[in-house]
Every structure is written in C-alpha cells, then in structure tokens.
Amino acid sequence: MKNDEFYIGYVDEVGSKTKKSLKRFVIASLMILAGGAFLFGFFQELAVNSAFDFGNPTKLSGIYHESPYPMLRVSLSGSEFKDLVLLGFGKFGPNAYLKDLREKEGNLNGKHLNIEGQLIYYNGKTLLEIDDSQKVSIGNRRSSINISPNSLGWLKIEGEIIDPKCYFGVMKPGFGKIHRSCASLCISGGVPPVLVSSDENGIEDYFLLTDLKGNPIHKDILPYIGEPSVISGVADEIGDWKVMRIDVGQIEKLDKKSLIY
C-alpha cells in the first residue's frame, strides 16, 4: 500500500518527499525563468544609436525656410550646412511656436532666426524641438539662401511611413505596428511624415512626404503609418533632405513585417 505524505500548512515540519518535490519545483521554475529571460533578450533587436538632448537646450542661428515643412538651415563650415527639421513640444509641429513671430514679422521664409531648442539626431539627420515661442527671435544678420531643388525624377520605393520625431531619437522603437498609434498622434499634430526605406545592407534613406502639389500632408496619410508599403512619386533633393510628392490614394500596402531593420 502506498503511503502519501499529508501536508498541513500550520505544521512546521515537512515530510522528506514534500521537501524534495518543492526543491525540484523551485529549481525547475528558476531554470525556466532564466532561460526565458535569456531567449527574450537574445531575440530583441538592438536599439538604434539615436539621441534626444532632452533637458539640454542648444542655441542655434540660421536661415528659416519651408521646403515644404519648417526648417532651419545652419551653417557648419565654409559652404557646408545642415537643414534641421523644426518640431514643437510633445506631439505637435512648430507652427504654434512660430505664430507670434509670424504675426510680427510677416513671412519668415529666408529670414535669419535665432532658436533655442532640444536637438534630436540619428544617422545624419537632425531635428530641433521648440518648446517656447519666446526662444524664437529674428537674428541681426542678413543672409541669403538658395533653395533650388535637385530633381531625382520618378521613384517607386518600398518602405514605411514614420514620424521623424520619435524615429530619430525620442522613442525606441519609433516604427512598426507597435508605434503606430503614437506616430499617428504626432503626424496629425503637425509633425511631418517621413518615408524610411532600407536596402539589403541596412542602409536607410529618408523622404519627407507631401501631396502632389508639394503641400504638407498629415491626416490623409494616417491609415498608412507603420505599414510596409510601396510609395511612388516625384522626388527632389532640397538641401540635405529628400522630398517626395505623392498621391496618398496610390499607396500600396504590403503584407509583410516592417521593412526597417
């Protein structure tokens, strides 16, 4: 006849068989937990080396232009320059922070501005977040700017539409289905949509997207954010950014996982 041990919770003594069973259970649970943690970490993608200088504002001076989204062209050295895409605080574009200066100065295109904001940068692209309209002012210098686009012709590209604020430094990850709702809020709030494409070597290319007339687009493109897609249109290179004029209705969704690596 089999004699099973009877466990009583309020009795301090535990039978030898029960002790062995508990030890095996605890050891097995710890091994499963450790193995699961290892596998979870092993299959995670590495975070990109992007940066957001939150709480560390930088003062910059440059020429303001809209091509077609607000940018600040900053001189680096000699004839070299960098075009910084301007953003607002949170999930908004910069227009609310430029409103007072526009009402006072009129059209800001081509004017020299001083802006204090927080830099966001990754993979050669830089953005500047403005969080206070008082930190934007007209500069004393007179400068000229030549915004002449270099035509890239008609392109058809597989990629993914992202919001550049999160993708280039604020969020990790800032792409794919997991980020779609956040990106939708950013782009509907005035952050420009960007098409990211990646070749077989993982080299990425970026295109600011506009409508066919070259005007900013926001809400019309929301259904396609975070979805691998084929996008075609006429592209230009303006400064160190590429811009593509597209027909949103012609975007083709692809039935595959994210094209961003």
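Located above this text is the structure these notes cover.
On a predicted model such as this, the values are computed, not experimentally measured, just so you know. (Residues numbered from 1 in each chain as written. Predicted model: local features only at pLDDT ≥ 70, side-chain atom pairs only at ≥ 80, totals over all residues. Heavy atoms only, no water.)

Trainee: Give a detailed account of the nonpolar core, specifying residues and quantitative values.
Mentor: Counting 38 residues, the largest nonpolar core has Leu-209 and Ile-246 as the members making the most contacts within it. Not counting the four nearest positions on each side in its chain, Leu-209 is found in contact with Tyr-69, Ile-161, Pro-193, Leu-195, Ile-217, Ile-221, Met-244 and Ile-246. Grouped together as the second largest cluster of nonpolar side chains are 16 residues, Leu-60, Leu-72, Leu-84 and Leu-98 included. (Core = buried A, V, L, I, M, F, W, Y, C linked by side-chain atoms within 4.5 Å. Buried < 20%, exposed > 50% of the residue type's maximum accessible area, 1.4 Å probe, protein only. Contact = heavy atoms within 4.5 Å.)

Trainee: Break down a positive patch on the surface for me, citing the residues and quoting the values.
Mentor: Side chains of Lys-17, Lys-19, Lys-20, Lys-23 and Arg-24 sit close together on the surface and give a patch of like positive charge. Topologically, Lys-20 is positioned in helix α1 (residues 16-42). (Patch = residues over 30% accessible without salt bridge, like charges linked within 9 Å, V, L, I, M, F, W, Y side chains within 5 Å. Areas by Shrake-Rupley, 256 points an atom, 1.4 Å probe, with all protein chains shown as cover. Salt bridge = Lys/Arg side-chain N within 4 Å of Asp/Glu carboxyl O. Lys, Arg positive; Asp, Glu negative; His and termini not counted. Charge placed at Lys NZ, Arg CZ, Asp CG, Glu CD. Helix = DSSP H or I, 4+ residues; strand = E, 2+ residues; numbered from the N terminus.)

Trainee: Lay out helix α4 (residues 180-188) with the relevant residues and their values.
Mentor: Among all positions of α4, only Cys-182, Ala-183, Ser-184, Cys-186 and Ile-187 are buried. Positive backbone phi, approximately 120°, marks Gly-190, located one or two places after α4.

Trainee: Please provide a residue-by-residue account of the pattern of salt bridges, values included.
Mentor: Under the counting rule described, the total for this entry stands at 8 salt bridges. Ionic pairing is found between Lys-165 and Glu-129, a salt bridge with its closest N-O pair at 2.7 Å. With Lys-165 in helix α3 (residues 164-170) and Glu-129 in strand β6 (residues 125-130), this residue pair connects regions lying 36 residues apart in the sequence. Note on accessibility: Lys-165 and Glu-129 belong to one class, buried. The partner of Arg-180 in a salt bridge is Glu-227, and the shortest N-O contact between them spans 2.8 Å. Of this pair, Arg-180 sits in helix α4 while Glu-227 is found in the loop between β10 (204-210) and β11 (229-238), placing the two residues 47 residues apart along the sequence.

Trainee: Give a detailed account of a nonpolar patch on the surface, specifying residues and quantitative values.
Mentor: Taken together, the side chains of Phe-25, Val-26, Leu-30 and Leu-33 make up a nonpolar region of the molecular surface, amounting to roughly 440 Å² of accessible area. Tracing the chain through its elements places Val-26 in helix α1. According to the relative accessible area criterion, Val-26 is partly exposed, its value standing at 44%.

Trainee: Outline the packing of aromatic side chains, supporting the account with residue identities and numerical values.
Mentor: Evaluated as defined, the whole model comprises 7 aromatic pairs. Taking the centre distance of 6.1 Å and the plane angle of 75° together, the rings of Tyr-122 and Tyr-167 count as edge-to-face. Taken together, the residues span a long stretch of sequence, with Tyr-122 in strand β5 (residues 112-122) and Tyr-167 in helix α3 at a distance of 45 residues. Taken together, a centroid distance of 6.3 Å and an interplanar angle of 45° make the contact between Tyr-122 and Phe-168 tilted. Taken as a pair, Tyr-122 in strand β5 and Phe-168 in helix α3 lie far apart in primary sequence, 46 residues in all. If you follow Arg-73 out to its NZ or CZ, it ends over the ring of Phe-81, 3.8 Å from the centre. It is Lys-125 that lies over the ring of Trp-241; its NZ or CZ is 4.8 Å from the centre. (Phe/Tyr/Trp six-rings, centres within 6.5 Å; stacked < 30°, edge-to-face > 60°. Lys NZ or Arg CZ within 6 Å of the ring centre and 35° of its normal.)

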